[in-house]
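# Remarks on the overall topology
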Amino acid sequence: MDQDICPPDRPAQGSTPQIRENFSFNKMLTSLGASYAFNSFVVAERTPHKKAASQMDVILHVGAHRTGSTSFQHYMRANRATLDGAGIGFWGPWRTRKGVLDGLTDTPATPAEARRRAGRVQMNLRSAEKRGLGALVVSDENLIGTPRRCVRAGALYPEIGLRMARVAAGFAPVTRVNLQIRSLDMWWASALAFLVPRGMPLPTEAKLEALANASRSWRHVITDLACACPGADITVTVFERFADRPEALFEAITGQSGPESQPGAFWANRCPDLAALRTCLAERGEDPAQLPGEGRWQPFDFTQAARLREAYADDLFWLRAGADGLATLTETAASDRPGTNLGKDLQARGQRHDRPARRLAPTR
């Protein structure tokens, strides 16, 4: 069990550990403060003698998987030159995985190893800042875990707290973290369809029932994320509105308008349909008749899917009600919001349209 993300060899003067209460639903996160008290973990305070914090905003887009994250990364990469000119840098999976962030989310063997990983990140951040960047968007959905681990555990991102606490320590300070969520019945179905061609067997009825009855939902994931990144603004967007509009997601994440794109131009990494899944099963010697029908695969029955949709509706209700002050929900793209100018038909209306006609109702 991990006792600390990156425990210092000797506390610096004036840097006593700050105990932050963690009433998260994920008790894994509490292991970070096992030496202090249950339901708490240690957050190292920045000391005055350390180097001044960077003026560059660090914005983490952490997925989730199957919510258009790959499409967003392709959009950012295609517009790299334009964004660089606007002072916005971008790190995608091709740079973070086996690169700048290699091993950052894993448990360090020694405190020195943890410092080396964080130092590598800080060195690259300083390099980006020297280029004159005002903001850096880092997009990698694997920072919070993988769909395979979710399926194996039967829960949504059970390790997100531990992993993101290490990420936040390496990037410190983090300005904002964005998480895009999706209806749970569609998320699990997409994750399963994504994993079957990658060697995962078809889920059993017992497994599907366990996933449908799982108590962990997006609310728990967001709570763990907020506890792991206490100094960052947590923003939540919805797949149903932003998946095919990466420029709108860019604006929701950064607060700045991004390069325009045609709807669906960056729709990448779609899950295979039933025909493709049957082909995959046949190629590995399994009976393709296990997946009859056409179109999208929905492994859950009506009752199971309804239960998952209800859990997602509860998550959205919690987010709309303020998410206990932990996160901010953005459901509508800025360009979809009503403008200040009235429509042409309404411009001709005035006060006279609000007066009663002062006529008696016709009698029979």
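In this report, the structure presented in the accompanying data block is examined. No experiment lies behind these values; they were computed from the predicted model shown.

The rules behind each value
- Residues numbered from 1 in each chain as written.
- Predicted model: local features only at pLDDT ≥ 70, side-chain atom pairs only at ≥ 80, totals over all residues.
- Heavy atoms only, no water.
- Helix = DSSP H or I, 4+ residues; strand = E, 2+ residues; numbered from the N terminus.
- Buried < 20%, exposed > 50% of the residue type's maximum accessible area, 1.4 Å probe, protein only.
- Contact = heavy atoms within 4.5 Å.
- Areas by Shrake-Rupley, 256 points an atom, 1.4 Å probe, with all protein chains shown as cover.
- Disulfide = S-S within 2.5 Å.
- Pairing = 2+ DSSP bridges.
- Axes fitted to C-alpha atoms, helices over the stretch in contact; angles between N-to-C directions.
- Phe/Tyr/Trp six-rings, centres within 6.5 Å; stacked < 30°, edge-to-face > 60°.
- Lys NZ or Arg CZ within 6 Å of the ring centre and 35° of its normal.
- Core = buried A, V, L, I, M, F, W, Y, C linked by side-chain atoms within 4.5 Å.

What follows is about the overall build of the chain. Each helix and strand in the chain was counted, giving 14 helices and eight strands. Put simply, the chain has 364 residues, and 48% of those count as buried. Long-range contacts, defined here as pairs at least 24 residues apart, represent 77% of the contacts in the chain between residues at least 6 apart. Summed over all atoms, the accessible surface of the chain reaches about 19,100 Å², with 51% contributed by carbon and sulfur.

Before going further, it helps to examine the state of the cysteines. Under the counting rule described, the total for this entry stands at zero disulfides. Between C227, a cysteine without a disulfide, and C229, which holds the nearest cysteine sulfur, the sulfur-to-sulfur distance is 9.8 Å. You can call C227 buried: its relative accessible area is 12%.

Bringing the sheet that holds strand β8 (residues 328-330) into the picture now. With respect to topology, six strands assemble into an open sheet ordered β4-β5-β3-β6-β7-β8, the strand pairing being parallel. In this open sheet, the two strands that pair with only one neighbour each are β4 (88-91) and β8. Across the sheet, the mean angle separating the axes of adjacent strands is 20° when strand polarity is ignored. Both β4 and strand β5 (residues 135-139) contribute to a ladder of four bridges, which runs parallel. Note that in β5 the partner of I88 across the bridge is A135. Relative to strand β6 (residues 176-181), helix α11 (residues 246-254) is tilted by about 140°, and along the sheet it contacts β3 (57-61), β4, β5, β6, β7 (233-238) and β8.

What follows is about the packing of aromatic side chains. Applying the stated criterion to the full structure yields seven aromatic pairs. Clustering of aromatic rings is evident, with ring pairs tying together Y157, W187, W188 and W218. Above the face of the F239 ring, R182 is positioned so that its terminal group lies 4.0 Å from the ring centre.

Residues M164, F171 and W218 are the most contacted members of the largest nonpolar core, which totals 84 residues. If sequence neighbours within four positions are ignored, W218 has contacts with A64, L156, Y157, L179, I181, R182, L184, W187, Y312 and D315.

This brings us to α11. Counting buried residues along α11, seven of its nine residues qualify, which places the element largely inside the surrounding structure. When we look at burial in α11, the residues that qualify are P246, E247, A248, L249, F250, I253 and T254. Directly beyond the C-terminal end of α11, a positive phi value near 80° is found at G255.

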